[in-house]
Amino acid sequence: MSTAVPIRFAAMAAPPTTEEIREVNVRYHDLAAEHYDAKWGIDYGELGQSQVTGKLAKALGGRLGHYEAGLEIGAGTGYFGLNLVRAGVIDSYTATDISPGMLGVLAKTAETLGIEAATTCTEASELPFEDESFDIVFGHAVLHHLPDLDGAFAEFMRVLRPGGVVAFCGEPSHYGDRLAEIPKRAAWRVSPAWRAVLRARPAPLAGSSEEVEEDDLERVVDVHAFTPGTLAVHARGAGFEDVRVRGEELAASLFGWANRSLEASARAEDVPMLWRKYAYHGYLALQRVDRAVLEPRLPAALFYNLLIAARKPV
Ligand SMILES: C[S@@+](CC[C@H](N)C(=O)[O-])C[C@H]1O[C@@H](n2cnc3c(N)ncnc32)[C@H](O)[C@@H]1O
């Protein structure tokens, strides 16, 4: 499943095949695995647990529920699943991913946290599990990497028990992606002045060969950005009912992208801790504004992330 030779879609004449998309995802996520938690500020304490339970409850329409057997798709290093187990939402946890590197980090973290996690390296649309063996199939930031969404939703339906739920959070929205370009471009324009104020040197033009390869691959691993309609159609097509799509993060994501773009323009060691704290706490404060003010009022399509939940008929 993995490939030692990096695939560069830019150099290909034809659009990438399903197999090529999978191979690039394995390569990119294997490279990213060891520093993934640090890069995304992933937390397994109270903060991480409240983030994931909040997202899952939002996807499920406010009611979190409790599940005996949970299957995670594209579990990565375990951000969502390990936190759900710690929060007592899931009893028995099975983590799947196409990247052995990501699952290796997950297994180590699970051991450190004293959590039992069964890990299986597999493609989302070919799940090696018995029919009707899980109460919830869930994931975070994974559907947009899957070349065969209809095949994957058919598998989620097959492995769920009747009445079981499917819930995915953190999927990029089509309009959200476009909106994020505005703060990114604005930040890039003001970045020289920002660096001058903070006395930060510009970021080096090229990193290590692994960093350059990771950057190259990052541009091709995302194969979808969804509207609520284009996301829901796969769940309905597989036979799920009560399909609901919600939106999440608008002000927080605009603020976050502006800050990340500024930070990326400077040498990491020159960005002061005080700035990082401001960026982090500002982001959390704006998440609260999104939740309280914007999410209940604006259409899901406008938000940066989409969440989908549905139920297998009884
Ligand atoms: C953006 S990461 C998210 C990881 C984790 N869910 C999180 O939120 O931190 C996407 C994950 O999906 C996995 N993935 C990509 N394509 C996949 C596929 N076809 N089948 C299963 N997993 C896949 C990647 O290896 C990666 O771990």
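Placed above this text is the structure.
Now for a look at the structure at hand. (Residues numbered from 1 in each chain as written. Predicted model: local features only at pLDDT ≥ 70, side-chain atom pairs only at ≥ 80, totals over all residues.)

**Considerations on the overall build of the protein chain**
Then, number 1: A count of helical and extended segments in the protein chain gives ten helices and seven strands.
Then, number 2: Its C-alpha radius of gyration of 20 Å places the protein chain within 12% of the 20 Å reference for a compact globule of 314 residues.
Then, number 3: Seen through its C-alpha atoms, the protein chain measures out along the principal axes to roughly 60 × 45 × 40 Å.
Then, number 4: Long-range pairs, those at least 24 residues apart, make up 82% of the contacts in the protein chain between residues at least 6 apart in sequence. (Helix = DSSP H or I, 4+ residues; strand = E, 2+ residues; numbered from the N terminus. Rg over C-alpha atoms; globule rule 2.2 N^0.38 Å. Contact = placed C-beta atoms within 7 Å.)

**A closer look at the environment of G88**
Then, number 1: Secondary-structure assignment places G88 in the loop between α3 (79-86) and β2 (90-97).
Then, number 2: Remark: the alpha-carbon pair of G88 and Q49, spanning 39 residues in sequence, is separated by 9.7 Å.

**Concerning the site of the ligand**
Then, number 1: Taken together, 20 residues form the shell around the ligand, and within it H29, G74, G76, S99 and H140 come nearest.
Then, number 2: Those elements giving two or more residues to the shell around the ligand turn out to be α1 (18-39), α3 and β4 (134-140).
Then, number 3: Looking at the shell around the ligand, the element that brings in the most residues is α1, giving three residues. (Near = placed C-beta within 6 Å.)

**Examining the nonpolar core**
Then, number 1: Ranked by size, the top nonpolar core spans 70 residues in total, and within it V137, F156, V166, A167, I308 and A309 carry the most contacts.
Then, number 2: The contacts of A167, once residues within four sequence positions are left out, are L56, A59, L60, I136, F138 and A309. (Core = buried A, V, L, I, M, F, W, Y, C linked by C-beta atoms within 7 Å. Buried ≥ 20, exposed ≤ 12 C-beta atoms within 10 Å, placed from the backbone.)

**A few points about the sheet that holds strand β7 (residues 305-311)**
Then, number 1: Strand order across the open sheet formed by seven strands is β3-β2-β1-β4-β5-β7-β6, with mixed pairing between neighbours. Among the strands making up the open sheet, the edge pair consists of β3 (117-121) and β6 (241-248). On average, each strand axis in the sheet is inclined to that of its neighbour by 15°, with strand direction left out of account.
Then, number 2: Relative to β2, strand β1 (residues 67-72) runs parallel, the two sharing five bridges. Counted as the bridge partner of E72 is A95 from β2. (Pairing = 2+ DSSP bridges. Axes fitted to C-alpha atoms, helices over the stretch in contact; angles between N-to-C directions.)

**Side note on the pairing of β1**
Then, number 1: A crossover links β1 with its parallel partner β2, the connecting element being α3, and its sense is right-handed.
Then, number 2: By the bridge criterion, three bridges tie β1 to β4 in an arrangement that is parallel. From the neighbouring strand, G70 faces β4, where its bridge partner is I136. (Right-handed = clockwise from strand over helix to strand, strands pointing away.)

**Here we look at helix α9 (residues 251-264)**
Then, number 1: Relative to the 20 Å expected for 14 residues at 1.5 Å per residue, α9 spans 20 Å between its end C-alpha atoms, a close match to the ideal helical length.
Then, number 2: Among all positions in α9, only A252, S253, G256, W257, A258, N259, S261, L262 and E263 are buried.
Then, number 3: Its buried side turned inward, α9 meets α6 (174-198) and α10 (273-294). (Expected span 1.5 Å × (residues − 1).)

**Some points on the packing of helix α5 (residues 149-159) against helix α8 (residues 228-237)**
Then, number 1: α8 packs onto α5 with a crossing angle of 50° between their chain directions and a minimal axis gap of 8 Å. One way to sum up the angle between α5 and α8 is to call them oblique. The hand of the α5/α8 crossing is right-handed. Along the contact surface, α5 presents L149, D150 and F153, while α8 presents H234, A235 and G237.
Then, number 2: Broken down by class, the residue content of the contact of α5 with α8 amounts to three nonpolar, two polar and one charged. (Parallel < 35°, antiparallel > 145°, perpendicular 65-115°, else oblique. Left-handed = near helix turned anticlockwise from the far one by under 90°. Nonpolar A, V, L, I, M, F, W, Y, C, P; charged D, E, K, R; others polar.)

**Quick notes on the packing of α6 against α9**
Relative placement of two packed helices is described by the angle separating their axes and the distance separating the axes.
Then, number 1: Contact geometry for α6 and α9: axes closest at 8 Å, N-to-C directions at 40°. Relative to α9, α6 is oriented oblique. α9 is crossed by α6, and the crossing has right-handed handedness. Judged by residue contacts, G176, L179, A180, P183, K184, A186, A187, W188, S191 and W194 of α6 engage S253, L254, W257, A258, S261 and L262 from α9.

**Examining the environment of T53**
Then, number 1: Summarising the element assignment, T53 is placed in helix α2 (residues 46-59).
Then, number 2: Considered as a pair, T53 and G239 are 186 residues apart in the sequence and their alpha carbons are 26 Å apart.
Then, number 3: Apart from the residues lying within four places of it in its own chain, the contact partners of T53 are L64, A87 and V89.

**Side note on α3**
Then, number 1: With seven of eight residues buried, α3 lies mostly within the body of the structure.
Then, number 2: Within the sequence span of α3, burial applies to Y79, F80, G81, L82, N83, L84 and V85.
Then, number 3: Buried residues along α3 sit in contact with α2, β1, β2, α4 (100-113), β3 and β4.
Then, number 4: Two residues or fewer past α3, G88 is found with a positive phi of approximately 80°.

**Focus: the pairing of strand β5 (residues 160-172)**
The side chains of a regular strand alternate, first on one face of the sheet and then on the other.
Then, number 1: One ladder, built from six bridges, connects β4 with β5; its direction is parallel. Bridge pairing links F134 to L160 in β5.
Then, number 2: The pairing of β5 with β7 spans six bridges and is antiparallel. Bridge pairing in β7 links V165 to R311.

No statement about biological role is implied by the geometric values presented.
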